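This is what each chain is made of:
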Amino acid sequence: MSEFNYAEAFSRNIGWLTEDEQQQLRRSRIAIAGMGGVGGAHLLTLVRLGCQHFHIADLDQFEQANFNRQAGARLDTLQQQKAATLADMARQINPEVEIRLFEQGVNKDNLEPFLADIDLYMDGLDFFVLPVRRLVFARCRELGIPAVTAAPLGMGAALLSFLPDSMPFDDYFGLNDQSMLEQYLRFYVGLAPKAAHRNYLVLPEKIDLANKKGPSTIMGCEMCAGVAATQALKLLLKRGAVKPAPWSFQYDAYCNRLASSWRPGGYKHPLQRLLLWLARRHLRKQGADI
């Protein structure tokens, strides 16, 4: 086996990056919560970009229902911890990576060490763990840490960034003092207000917010990794325009469509309130108590 050489391993990045920028990425420290379809792809993409220091968190083990979208899900990893499996995969790319594991997931008790000395937070949490997601985004803001979330929607990806001086996560989505089902609804609508994915959902009943279920594709997860890693590069190198919330972006490969939305006031914006009303009406028709 050849000896690992960082400069050679990531030499094809140079041109799009300078040598100094590559070393800056190498020194950066990134926290990723969730090692499933999105978070696992985030980790492996950033490792191939040359980033070398990570805090990663996930409390779950792989199961067969993960096979359609999660990079670490294989027959030989069934019932294995997701965080440890992805860390091993990262070390197969770069044996010099330094990874701190949080195999109890992220919670209020370990949030401080999870975010200690972090330059950037990448959100890979499951859609339905909003209380934890809110906790992480709020603390990132307090600590001055940029935070990026990318959502796999159909065969595309939605992207939002929350910077220390931009609109807060809870304010954009309007999550305070709401029922959990209403929070799910506001989060879903706020991720991609123009909903480019809605026209090709062949079984709408498979999106069941009340029972915490929804369909997914590998294409959406892989696209999330691409757009989020690009945003990470810009934030870590302070190079290129970053439009934080209330801006949101969605690229849908099935529709060949790029949609951007600017919603001053977040969920309070008139168009956003209309979308929420329509979504609530749809859920009530399905029998949801909302």
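Since this is a predicted model, take the numbers as computed values, not measurements. (Residues numbered from 1 in each chain as written. Predicted model: local features only at pLDDT ≥ 70, side-chain atom pairs only at ≥ 80, totals over all residues. Heavy atoms only, no water.)

Student: Would you take a moment to explain the packing of aromatic side chains for this structure?
Tutor: The relative placement of two aromatic rings is captured by the distance of their centres and the angle of their planes. By the definition in use, this model includes 22 aromatic pairs. Centroid distance tyrosine 6 to phenylalanine 10: 4.8 Å. Interplanar angle 55°. Geometry classified as tilted. One exposure class covers both tyrosine 6 and phenylalanine 10, and it is buried. One residue, arginine 26, lies across the ring of tyrosine 6, its end atom 3.9 Å from the ring centre. (Phe/Tyr/Trp six-rings, centres within 6.5 Å; stacked < 30°, edge-to-face > 60°. Buried < 20%, exposed > 50% of the residue type's maximum accessible area, 1.4 Å probe, protein only. Lys NZ or Arg CZ within 6 Å of the ring centre and 35° of its normal.)

Student: Please clarify how the pattern of salt bridges should be interpreted in this entry.
Tutor: Close approach of charged atoms lets side chains of opposite charge pair. Following the criterion strictly, the structure yields 12 salt bridges and no others. Ionic pairing is found between arginine 29 and glutamate 98, a salt bridge with its closest N-O pair at 2.9 Å. Of this pair, arginine 29 sits in strand β1 (residues 29-33) while glutamate 98 sits in strand β3 (residues 98-102), and the two are 69 residues apart along the sequence. Two residues, glutamate 112 and arginine 139, come together in a salt bridge whose shortest N-O distance is 2.7 Å. With a gap of 27 residues between them, glutamate 112 in helix α5 (residues 111-115) and arginine 139 in helix α6 (residues 130-143) connect regions that are remote in the sequence. Among the residues examined, arginine 139 registers a relative accessible area of 22% and is labelled partly exposed. (Salt bridge = Lys/Arg side-chain N within 4 Å of Asp/Glu carboxyl O. Helix = DSSP H or I, 4+ residues; strand = E, 2+ residues; numbered from the N terminus.)

Student: Explanation requested: the UniProt feature "domain: THIF-type NAD/FAD binding fold" (unreviewed entry) in the protein chain in the structure shown.
Tutor: Listed under "domain: THIF-type NAD/FAD binding fold" (unreviewed entry) in the UniProt record, and renumbered for this structure, are residues 11-257. Split by type, residues 11-257 is 36% helix and 16% strand. Its first and last C-alpha atoms lie 33 Å apart. (UniProt positions renumbered as here; feature names shortened; annotations may be inferred.)

Student: I would appreciate a short explanation of the layout of surface pockets in the present structure.
Tutor: Where empty space is left in the structure can be found by rolling a water-sized probe over the atoms. Looking at the second largest pocket, its volume works out to about 190 Å³. For the second largest pocket, the lining is made up of 15 residues, of which Asp119, Pro146, Leu235, Leu236 and Lys238 are closest to its centre. Counting residues per element, the ones that place at least two in the lining of the second largest pocket are α2 (19-27) and α9 (218-237). Residue composition of the lining of the second largest pocket, grouped by class: 6 nonpolar, 4 polar and 5 charged. (1 Å grid on protein atoms, 1.4 Å probe; cavity = no way out; pocket = protein on both sides within 12 Å on 5 of 7 lines; lining within 4 Å. Points joined across faces, edges and corners; volume = space filled by probe spheres on them. Nonpolar A, V, L, I, M, F, W, Y, C, P; charged D, E, K, R; others polar.)

Student: Would you take a moment to explain α6 for this structure?
Tutor: Owing to its 3.6 residues per turn, the α-helix brings residues three or four apart onto one side. For α6, with 14 residues, the first-to-last C-alpha span of 20 Å sits near the 20 Å given by 1.5 Å per residue. Listed in full, the buried residues belonging to α6 are Leu130, Arg133, Arg134, Val136, Phe137 and Cys140. Angular distribution of buried residues about the axis of α6 spans 165°; they occupy a single face of the element. In the core, the buried residues of α6 are packed alongside α5, β4 (120-123), β5 (147-153), β6 (156-162), α7 (169-173) and α8 (180-191). Glycine 144, located one to two residues past α6, shows a positive phi value of around 75°. (Expected span 1.5 Å × (residues − 1). Arc of directions from axis to C-beta. Contact = heavy atoms within 4.5 Å.)

Student: Would you mind going over helix α3 (residues 37-49) with me for this structure?
Tutor: Over its 13 residues, α3 extends 18 Å from the first C-alpha to the last, a length consistent with the 18 Å expected when each residue adds 1.5 Å. Of all the 13 residues making up α3, 11 are buried; the element is thus mostly covered by neighbouring parts of the structure. Those residues of α3 that sit buried are Gly37, Val38, Gly39, Gly40, Ala41, His42, Leu43, Leu44, Leu46, Val47 and Leu49. Phi turns positive one or two residues past the end of α3, at glycine 50, with a value near 110°.

Student: When you look at empty space enclosed by the protein in this model, what are you seeing that I'm missing?
Tutor: A complete count under the given rule lists 1 cavity of 30 Å³ or more for this structure. For the largest cavity, the calculated volume is near 40 Å³. The wall of the largest cavity is formed by Leu191, Ala192, Pro193, Lys194, Ala195, Ser248, Phe249, Gln250, Ala259, Ser260 and Ser261. Only β7 (247-252) and β8 (257-262) provide two or more residues apiece to the lining of the largest cavity. Split into classes, the residues belonging to the lining of the largest cavity amount to 6 nonpolar, 4 polar and 1 charged.

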